[in-house]
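# Coordinate analysis (summary)
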Amino acid sequence: MVGSVICGVWLDYTKTYKQTTLVVYILSFIAMLIFTFTLDLGNLVVVFVTGGILGFFMTGYLPLGFEFAVEITYPESEGTSSGLLNASAQIFGILFTLAQGKLITDYSPQAGNIFLCVWMFVGIILTALIKSDLRRHNINVGITKSEVKAVPVDSPVEPAPSIQSSTQL
């Protein structure tokens, strides 16, 4: 959870959506490689530390991915972008869990993790190819930097009803 908070704060501060997403994705990939090759060392402390580092970057990637998706799919609603990301994550999660389970039982845990590393590398390449068109951010910046003119209070939108005096009745 710490990774999510830190990455979210960093993204709010810098607005570097693609760069931050790509860096955290690459760091997740490196952490996954290190974790994969430390499993066979037999040192439980090393496995826990590398697993913690992997978790830091992978959970940090979640808010970055959602925010970046919202930016590049604007003006589509945030709920639609998030819903599609969640649905695809569930589908890929099921498929990858089944594939990794088969690799682990037939070969080794290291083979299953290498399978995941390969797909993470494919994800890095796909993320690098995404055009960083920050539509929502550009709209928000344009609105805040434009000149906002106040409307005078005594300028009615609708004509005021005429008041008839008692002499006209």
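Since the model is a prediction, treat every value here as computed from it, not as a measurement.

## Overview of the overall build of the protein
Along its length, the protein carries six helices and zero strands. Going through the 169 residues of the protein one by one, you find that 24% of them count as buried. For the protein, long-range pairs separated by at least 24 residues make up 70% of all intrachain contacts whose partners lie at least 6 apart in sequence. Roughly 11700 Å² of accessible area belongs to the protein as shown, and the carbon and sulfur atoms make up 70% of that amount.

## Comments concerning the packing of aromatic side chains
Under the defined criterion, the tally for this structure stands at six aromatic pairs. Ring geometry for Tyr-25 versus Tyr-61: centroids 4.8 Å apart, planes at 50 degrees, classification tilted. Here Tyr-25 is found in helix α2 (residues 17-38), whereas its partner Tyr-61 is found in helix α3 (residues 44-73), with 36 residues between them in sequence. A relative accessible area of 23% means that Tyr-61 is categorised as partly exposed. Summarising the aromatic geometry, the rings of Phe-96 and Trp-119 are spaced 5.5 Å apart at their centres and angled 45 degrees between planes, so their arrangement reads as tilted. Of the two residues, Phe-96 is situated in helix α4 (residues 78-106) and Trp-119 in helix α5 (residues 109-129); the sequence distance between them amounts to 23 residues. Taking relative accessible area as the criterion, Phe-96 reaches 22% and is therefore assigned partly exposed.

## Some words on the environment of Gly-65
With respect to the element layout, Gly-65 can be found in helix α3. Its relative accessible area of 15% is what places Gly-65 among the buried residues. Separated by 45 residues in sequence, Gly-65 and Thr-20 place their C-alpha atoms 9.7 Å apart.

## Brief notes about the side chain of Thr-38
Tracing the backbone shows Thr-38 in helix α2. At a separation of 3.3 Å, a polar atom in the side chain of Thr-38 contacts the side chain of Thr-50.

## Remarks on the UniProt feature "transmembrane region" (unreviewed entry) in the protein
UniProt records the feature "transmembrane region" (unreviewed entry) at residues 22-39, 45-70, 82-99 and 111-130, using the numbering of this structure. Helix makes up 94% of residues 22-39 and strand 0%. Its end C-alpha atoms lie 26 Å apart. Secondary structure across residues 82-99 divides into 100% helix and 0% strand, with the first and last C-alpha atoms of the span separated by 25 Å.

## Digging into the nonpolar core
If you look at soluble globular proteins, the nonpolar side chains tend to sit buried side by side. Judged by nonpolar contacts, the single largest core of 13 residues is most densely connected at Phe-29, Met-32, Leu-54, Met-120 and Ile-124. Broken down by secondary-structure element, the contributors of at least two residues to this core are α2, α3 and α5. In this view, Ile-124 contacts Leu-22, Tyr-25, Ile-26 and Phe-29; residues no more than four positions away in its chain are not counted. The next biggest cluster of nonpolar side chains, apart from the first, holds six residues, and it includes Cys-7, Tyr-17, Val-24 and Phe-68.

## Here we look at the pattern of salt bridges
Throughout the structure, instances matching the rule amount to one salt bridge. With a closest N to O distance of 3.2 Å, Lys-102 and Asp-106 form a salt bridge. One end of the pair, Lys-102, and the other, Asp-106, are both in helix α4, four residues apart, so they sit about a helical turn from each other. When its relative accessible area of 43% is taken as the criterion, Asp-106 is described as partly exposed.

Cut-offs applied
Residues numbered from 1 in each chain as written. Predicted model: local features only at pLDDT ≥ 70, side-chain atom pairs only at ≥ 80, totals over all residues. Heavy atoms only, no water. Helix = DSSP H or I, 4+ residues; strand = E, 2+ residues; numbered from the N terminus. Buried < 20%, exposed > 50% of the residue type's maximum accessible area, 1.4 Å probe, protein only. Contact = heavy atoms within 4.5 Å. Areas by Shrake-Rupley, 256 points an atom, 1.4 Å probe, with all protein chains shown as cover. Phe/Tyr/Trp six-rings, centres within 6.5 Å; stacked < 30°, edge-to-face > 60°. Polar contact = N/O pair within 3.5 Å; in protein donor to acceptor, adjacent residues only side chain to side chain. UniProt positions renumbered as here; feature names shortened; annotations may be inferred. Core = buried A, V, L, I, M, F, W, Y, C linked by side-chain atoms within 4.5 Å. Salt bridge = Lys/Arg side-chain N within 4 Å of Asp/Glu carboxyl O.

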